Amino acid sequence: MKNNLEMNKLSIILIAIFASVSFTSCDDEVDAPNVLEIYNGYYISGDATPFSGLETGGGMVAGNVVGQATKFLDLSNGNIVITHENNSTAEQPNTTSFGLNSADELVIDGDVINFAETAGKYFFRIDTTAKSISHVAIESWGAIGSATPGGWGEDTNMTLESSDNGEYIYTVTVDLIGGEWLKFRANDQWAPQFGVVDGSLSLRLFDSESDPGSIQVPESGNYTIKLILGTKFDYELKKN
């Protein structure tokens, strides 16, 4: 009988210890801080931008040239901050900051970039290899090409559907011709424009850059077309 009592006491003690450990583990999980992961790459922020600080939505799109990155966003008068993040979180950033020197070159730890142009939508590009910054104002987006009603001579205008969290989505619903081609262009000009290279949307920002390929429409029909400009550049062709 004594052995049974001792075994029961031991069981109660073990259960109490297990319960204490379990409750402690649950408390630890509840109290653990939320960690916002910031992916590697270049980021834009500042009071001239929609991003007040280091935010995932401020991620720039890497170019084909090392050190080059581009962002489509709303800009107004104010300061622009450019950083490069390497395995950063919001709580523990690992940040390299860029700014301008006295020769207006983009350098590490340079002075803050001041944007004093007319407020609106822009492509903003940095090139840390060439030590340069550049921007192009965007008034409109359209689809153009042999698959579209206007052919290669007239754009089919697109409408801004949303711009949540720094992701701009332009859309249009239109009849397209199967087997024919289209691309996206801004301001009714051939630069900036988007085409497709190796299956991915490719940006031509300036006339001096290579003309990207076009997008082939699989079959004739009525389509909703989307151009998506956020932390990556993408598009959708959805047959209705």
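Everything discussed here concerns the structure shown above.
From a predicted model like this one, the values you see are computed outputs, not experimental measurements.

Turning to its location among the elements, K239 is positioned in strand β21 (residues 233-239). For the pair K239 and T224, spaced 15 residues apart in the sequence, the C-alpha separation amounts to 6.5 Å.

Here the focus is the packing of aromatic side chains. A complete count under the given rule lists 13 aromatic pairs for this structure. For the pair F72 and Y170, a centre-to-centre distance of 6.2 Å together with 70 degrees between the ring planes defines the contact as edge-to-face. With F72 in strand β4 (residues 68-75) and Y170 in strand β15 (residues 168-176), this pair connects stretches of sequence that are 98 residues apart. The exposure class assigned to F72 is buried, which follows from its relative accessible area of 0%. Judged by its relative accessible area of 7%, Y170 is buried. A network of ring pairs unites the aromatic residues F72, F123, W141, Y168, Y170, F194 and F233 as a single cluster. Taking NZ or CZ as reference, R185 lies 4.3 Å from the ring centre of W190, over its face.

With respect to topology, 4 strands assemble into an open sheet ordered β3-β4-β10-β11, the strand pairing being antiparallel. With partners counted over all chains shown, the strands left at the sheet margins are β3 (61-62) and β11 (132-138), one partner each. As paired strands, β4 and strand β10 (residues 120-127) are joined by 8 bridges and run antiparallel to one another. Looking at β10, one finds that L75 is bridged to G120.

Here we take up the sheet that holds strand β14 (residues 159-162). Judged by pairing direction, the sheet is antiparallel, and its 4 strands sit side by side in the order β14-β15-β20-β21 without closing on themselves. Of all strands in the sheet, those with a lone pairing partner are β14 and β21, marking the two edges. Here the average twist between neighbouring strands, direction ignored, is 30 degrees. Pairing analysis gives 7 bridges linking strand β20 (residues 221-229) to β21, with the strands arranged antiparallel. When the bridges of β21 are listed, T224 appears paired with K238.

Rules of the game
Residues numbered from 1 in each chain as written. Predicted model: local features only at pLDDT ≥ 70, side-chain atom pairs only at ≥ 80, totals over all residues. Heavy atoms only, no water. Helix = DSSP H or I, 4+ residues; strand = E, 2+ residues; numbered from the N terminus. Phe/Tyr/Trp six-rings, centres within 6.5 Å; stacked < 30°, edge-to-face > 60°. Buried < 20%, exposed > 50% of the residue type's maximum accessible area, 1.4 Å probe, protein only. Lys NZ or Arg CZ within 6 Å of the ring centre and 35° of its normal. Pairing = 2+ DSSP bridges. Axes fitted to C-alpha atoms, helices over the stretch in contact; angles between N-to-C directions.

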